[in-house]
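Secondary and tertiary structure notes
In case you want the letters, here they are:
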Amino acid sequence: MKASPRLFAVYAAILAFLLPLATVAQERGLEIDIVGGNASALPIAVVPMAYQGGGTAPETDVAAVVAADLARSGQFRTLPAADMVEKPARGGEIQFPTWRLLKQDFIVVGHVLDAGSGSYRVEYELFDVAKQERLLGFAMTARSSAMRDVAHQMADAIYEKILGVRGAFWTRIAYITVTGTGKGARYALMVADSDGYNPQTVVRSPEPLLSPSWSPDGRKVAYVSFERGNSSIYIQDITTGSRELIASFRGINSSPAFSPDGRRLALTLSRSGNPEIYVMDLGSKALTQITNQFGIDTEPTWSADGGSLYFTSDRGGQPQIYQVPASGGGATRVTFQGRYNASPTVSFDDKKIAVAQGSGNVYRIALLDRSLGSPRWSTLSPGSLDESPSFAPNASMVLYAAREGRRGVLYAVSADGRVRQRLVLADGDVREPAWGPFRAQR
């Protein structure tokens, strides 16, 4: 369970289920609306891929999914299909002067074949238009139900080949939804593709669910539930549906976070009085107390190497981010700019930390960049009540929660702050996002 900007100062009140008022929701996919743009985005044409086989064509428009992924990243500007005067299906059919006139830097062509037994084979190529050079050429086979996965993996390969950074389109996100209001409120822990499609309900509950956290292999999600009356931490296996009660001590049990090796879980417990950071060995269930301070220590998140923990503490009078060895010891303050910094999320290389940064009654997502030596701050979000940031596994974007009127929405913003995309649960309230890890390549 994470302490939101509105609740940190009265953390104990979380036990009284102080959550924002919800509106009615329907379990549909996330609706994506790109807000803003990147003037330096690379022009790329993803040509519609014709079906060249017998029987029924797949329902998924592979090229459209690839184009949408690349556009959402903010790094590419995709050419509308209506503006394509030619639609080559193979590299040998490309008339490069035509695409130079259309001012395209790259072009993706391909086609879909019937592979039999309900499967399809997608063959695609990526070309540099100016050099007339083939950069990629692959074929992938999958059943009809997995064609979106194929498209996401294609987008990942294209993204990595051009930018030199592994793509994060074939990943998943977790989030909490609320349906109904007051005593009729119902909570659900949801998992969806990174673009919001294929939402699946992992847990339903009449009591609050909070703080989903992915295991590094993407097979399990730790979360907080109030179904036992008090806060408790569970680990849910997404594939099998089995779950395990991890912590249900007296007082607060909150903020679970898997270690990079998946063998330990950092969590916040108030079993000794004040909320403190602990680490549990998931094999033996042995607990190690990491912090011991008056005030609130909460929201632990691991460094990339698993050697230390970042966390939020008000030990200095106002919530700030601190770092402590994962085995315990003295903590070092990390953030100094701003009166309020909470809910840290750390990039894969430990060079960037995104936080919820407060000033007065305004809370926005801010980024502390340490990649060039001296720390540099930038503001990523323009809202008035933005919280719960979560890095994509390649650190290209940050997912966060915001309020628009009475509705909870999700945004993903590029790490440079130039491109935002809004992901809205149709007619509903969504909060506490967590971006999942890379998935094993097929």
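Residues numbered from 1 in each chain as written. Predicted model: local features only at pLDDT ≥ 70, side-chain atom pairs only at ≥ 80, totals over all residues. Heavy atoms only, no water.

**Comments concerning the nonpolar core**
Heads up, the rule is: Among buried residues, the Ala, Val, Leu, Ile, Met, Phe, Trp, Tyr and Cys ones that are joined through side-chain atoms within 4.5 Å form a nonpolar core. The rule is simple: take the accessible area with a 1.4 Å probe, protein chains only, and divide by the maximum for that residue type; under 20% is buried, over 50% is exposed, in between is partly exposed. Only DSSP runs of H or I with at least four residues qualify as helices, and only runs of E with at least two residues qualify as strands; both kinds are numbered from the N terminus onward. Only heavy atoms matter for contacts: two residues are in contact if any of them lie within 4.5 Å across the pair.
Membership of the largest hydrophobic core comes to 30 residues, with the highest contact counts inside it found for Ile44, Met49, Val66, Leu70, Met154 and Ile158. Those elements that provide at least two residues to this core are strand S2 (42-46), helix H1 (62-72), strand S5 (106-116), strand S6 (119-128), strand S7 (133-143) and helix H3 (147-163). Broken down by element, this core gets its largest block of residues, eight residues, from H3. Sequence-distant contacts of Met154, that is, excluding residues within four places in its chain, are made with Met49, Val62, Val66, Val122, Tyr124 and Met140.

**Looking at the sheet that holds strand S15 (residues 253-258)**
As a reminder of what qualifies: The rule for pairing is simple: two strands pair if DSSP sees at least two bridges between them. Lines fitted to the C-alpha atoms define the axes, with helices restricted to the stretch that makes contact. Angles between their N-to-C directions range from 0 to 180 degrees.
Taken in spatial order, the four strands make up an open sheet running S15-S16-S17-S18, and their pairing is antiparallel. Either end of the sheet is taken by a strand with one partner, and the two such strands are S15 and strand S18 (287-289). Within the sheet, the average angular offset between the axes of one strand and its neighbour, ignoring direction, is 25°. Strand direction decides the pairing type here: strand S17 (residues 276-281) and S18, joined by three bridges, are antiparallel. Bridging from a neighbouring strand, Val279 pairs with Thr288 of S18.

**Describing the pattern of salt bridges**
Here is the rule: Each reported salt bridge corresponds to a side-chain nitrogen of Lys or Arg within 4 Å of a carboxyl oxygen of Asp or Glu.
Enumeration over the complete set of coordinates arrives at 13 salt bridges. Across the pair Arg72 and Asp69 runs a salt bridge whose closest N-O atoms are separated by 2.7 Å. Of this pair, Arg72 and Asp69 both sit in helix H1, three residues apart, which is roughly one turn of that helix. Summarising the burial analysis for this pair, Arg72 and Asp69 share the class buried. Salt-bridge contacts for Arg315 lead to Asp297; the nearest nitrogen and oxygen are separated by 2.8 Å. With Arg315 in the loop between strand S20 (308-313) and strand S21 (320-325) and Asp297 in strand S19 (residues 297-302), this pair connects stretches of sequence that are 18 residues apart.

**Details of the sheet that holds strand S24 (residues 352-359)**
The sheet built from four strands is open, its strands ordered S23-S24-S25-S26 with antiparallel pairing. Of all strands in the sheet, those with a lone pairing partner are strand S23 (340-346) and strand S26 (376-379), marking the two edges. Pairs of neighbouring strands in the sheet enclose a mean axial angle of 30°, with direction left out of account.

**Brief notes about the environment of Lys285**
Short version of the rule: In protein, a polar contact means a hydrogen-donor-capable atom and an acceptor-capable atom, both N or O and within 3.5 Å, with residues adjacent in sequence counting only if both atoms are side-chain atoms; elsewhere, any N or O pair within 3.5 Å suffices.
As for its placement among the helices and strands, Lys285 is situated in the loop between S17 and S18. Sequence spacing of Lys285 and Gly116 is 169 residues, and the spatial spacing of their C-alpha atoms is 49 Å. Among residues more than four places away in sequence, those in contact with Lys285 are Glu244, Ile246 and Met280. Here Glu244 takes part through its side chain, which lies 3.0 Å from a polar atom of the side chain of Lys285.

**Overview of the environment of Arg263**
In this fold, Arg263 is placed in the loop between S15 and strand S16 (264-269). We classify Arg263 as exposed; its relative accessible area is 60%. When the C-alpha atoms of Arg263 and Ile176 are compared, they prove to be 25 Å apart, with 87 residues separating the residues in sequence. Ignoring any residue separated from it by four or fewer positions in sequence, one finds Arg263 in contact with Met280, Asp281, Leu282 and Gly283.

**Brief notes about empty space enclosed by the protein**
Which entries qualify depends on this criterion: Every definition here rests on a 1 Å grid over the protein atoms only: cavities are sets of points where a 1.4 Å probe fits but cannot get out, pockets are open sets enclosed by protein on both sides within 12 Å along at least five of seven lines, and lining residues have some atom within 4 Å of a point. Grid points are joined across faces, edges and corners, and a volume is the space filled by probe spheres set on the points. Residue polarity is assigned by list, with Asp, Glu, Lys and Arg as charged and Ala, Val, Leu, Ile, Met, Phe, Trp, Tyr, Cys and Pro as nonpolar; anything else, Gly included, falls into the polar class.
This structure, assessed with the given rule, holds four cavities of 30 Å³ or more. One number sums up the size of the second largest cavity: a volume of about 90 Å³. Lining of the second largest cavity is provided by Asp69, Arg72, Ser73, Tyr159, Ala168, Phe169, Ser194, Asn394, Ser396, Met397, Gln421 and Trp435. Partitioned by chemical class, the residues of the lining of the second largest cavity number five nonpolar, five polar and two charged.

These values are about where atoms sit, not about what they do.
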